[in-house]
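# Tertiary structure, described
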Amino acid sequence: MTQAKLETEVSKYMSYVLRHAPEAAGLTLDAEGWVSFDELEKALMSKYDVSRADIIEIVENNPKKRFTLTDNRIRANQGHSVEVDLALNPVEPPAVLFHGTSLTNWQSIEREGLQKMQRHHVHLSADVETAKIVATRRKGEYLILRVDAARMFSEGHSFFVSDNGVWLAESVPVQYLSPDAGTP
Ligand code: HQG
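An account of the accompanying structure is given in this report. (Residues numbered from 1 in each chain as written. Predicted model: local features only at pLDDT ≥ 70, side-chain atom pairs only at ≥ 80, totals over all residues. Heavy atoms only, no water.)

### Regarding the environment of Leu-177
Selection criterion: A run of DSSP states H or I qualifies as a helix once it reaches four residues; a run of E qualifies as a strand once it reaches two. Both are numbered from the N-terminal end. A 1.4 Å probe rolled over the protein chains alone gives each residue an accessible area, and that area as a share of the maximum for its type sets the label: buried under 20%, exposed over 50%, partly exposed in between. Only heavy atoms matter for contacts: two residues are in contact if any of them lie within 4.5 Å across the pair.
Along the chain, Leu-177 falls in strand S9 (residues 177–179). For Leu-177, a relative accessible area of 10% corresponds to the buried category. The spacing of Leu-177 and Glu-110 is 67 residues in sequence and 8.7 Å in space, taken between C-alpha atoms. Excluding anything up to four places from it in sequence, Leu-177 contacts Ile-109, Gly-113, Leu-114, Leu-145, Arg-146, Val-147 and Val-172.

### Some details on the packing of aromatic side chains
For clarity, the cut-off: Centres within 6.5 Å are what make two rings of Phe, Tyr or Trp a pair, Trp counting through its six-membered ring; a difference in plane orientation under 30 degrees is then read as stacked, over 60 as edge-to-face, and the rest as tilted.
This model, assessed by the stated rule, comprises two aromatic pairs. The interplanar angle of 40° and the centroid separation of 6.3 Å between the aromatic rings of Tyr-13 and Tyr-16 together place this pair among those described as tilted. In this pair, Tyr-13 and Tyr-16 are both assigned in helix H1 (residues 3–20), three residues apart and thus about one turn of the helix distant. For Tyr-13, a relative accessible area of 14% puts it in the buried group. Accessibility expressed as a relative area gives 40% for Tyr-16, which makes it partly exposed. For the pair Tyr-13 and Tyr-48, a centre-to-centre distance of 5.8 Å together with 65° between the ring planes defines the contact as edge-to-face. One end of the pair, Tyr-13, is in helix H1; the other, Tyr-48, is in the loop between helix H2 (37–47) and helix H3 (52–61), and 35 residues separate them in sequence.

### Some words on the sheet that holds strand S5 (residues 122–124)
Put simply, the rule is: Here the rule is simple: two strands pair whenever DSSP picks up at least two bridges between them. Each axis is a line fitted through C-alpha atoms, and for a helix only the stretch in contact is used; angles between axes span 0 to 180 degrees, taken between their N-to-C directions.
Pairing within the open sheet is antiparallel, and its three strands lie in the order S5-S8-S7. Two strands in the sheet have a free side with no partner beyond their single neighbour: S5 and strand S7 (159–161). Adjacent strand axes in the sheet meet at a mean angle of 30°, parallel and antiparallel pairs treated alike. Sheet topology places S7 next to strand S8 (residues 167–169); three bridges connect them, and they run antiparallel. Within the sheet, the bridge partner assigned to Val-161 lies in S8 and is Trp-167.

### A look at the side chain of His-80
By the secondary structure assignment, His-80 is in the loop between strand S3 (73–76) and strand S4 (96–102). Not counting residues within four places of it along the chain, the set of residues in contact with His-80 comprises Leu-18, Arg-19, His-20, Leu-86, Gln-118, Arg-119 and His-120.

### Digging into the site of the ligand
To keep it simple, the criterion reads: Residues are classed as near a molecule or strand on a simple rule: at least one heavy atom within 4 Å of it. In protein, a polar contact requires one atom able to donate a hydrogen and another able to accept it; more generally it is a pair of N or O atoms within 3.5 Å, and residues adjacent in sequence count only if both atoms are side-chain atoms. Here the accessible surface of atoms and residues is derived via Shrake-Rupley with a 1.4 Å probe, and residues count as covered only by protein chains that are part of the display. In this classification, the charged set is Asp, Glu, Lys and Arg, the nonpolar set is Ala, Val, Leu, Ile, Met, Phe, Trp, Tyr, Cys and Pro, and all remaining amino acids, among them Gly, are polar.
Near the ligand lie 19 residues; those nearest to it are Arg-19, Lys-64, His-99, Thr-101 and Ser-108. Here a nitrogen atom of the ligand and a backbone polar atom of Gly-113 are 2.8 Å apart. Note that an oxygen atom of the ligand is positioned 3.3 Å from one of the side-chain N or O atoms of Arg-137. Burial of the ligand by the surrounding chains reaches 88%, relative to a free accessible area of 780 Å². At three residues, the largest contribution of residues to the shell around the ligand is made by helix H4 (residues 106–112). Here the residues of the shell around the ligand are counted per class, giving four nonpolar, eight polar and seven charged.

Given below as structure tokens:
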């Protein structure tokens, strides 16, 4: 395996462990999702041929900055399904946010709005390109939704932003959604 391939595999495993299944690596997250970096390092080294320097590089070079490593602790910045409280403060969002999904979800989204499903929040992005990347990772035709975040915020809904710039909301009721013009 090339070094680049190995780093991608380790990074994916880190997302899996830190977001969804810490017990798979014998780890326990604290209430805010942090785990000792030494313990994570031990778990990764028992599974992969990586050094501490490699792991630090994976964290630093991660294209979406998925992890924060500080004070010898590490956590995933967003995307959890396990119970954690990231202790994010509500903030005013940009006027418009985007969500990319698959077109087949539209009937159900039209009925019940965007729901957080297995995660803690609905994930939104400030730019349409990111939404398109998320959408095209799914099978079939994609759909980009535009969220009227300004109106949603002014009508009392809270927004949060993760340390790596993903916008988060509890849900997005359908009256704030419209298909983006760029959608096929
Ligand atoms: C859909 C990646 C039917 C929703 C990305 C999505 C993101 C509904 C799916 C992050 C629905 C949930 C999250 C409804 C929502 N009816 N379908 N009422 N409400 N959905 O994976 O946003 O690379 O939990 O549209 O960049 O796709 O992992 O969310 O298609 O930030 O760091 O239900 O994952 O980040 O899927 O992706 P997900 P997502 P990472």
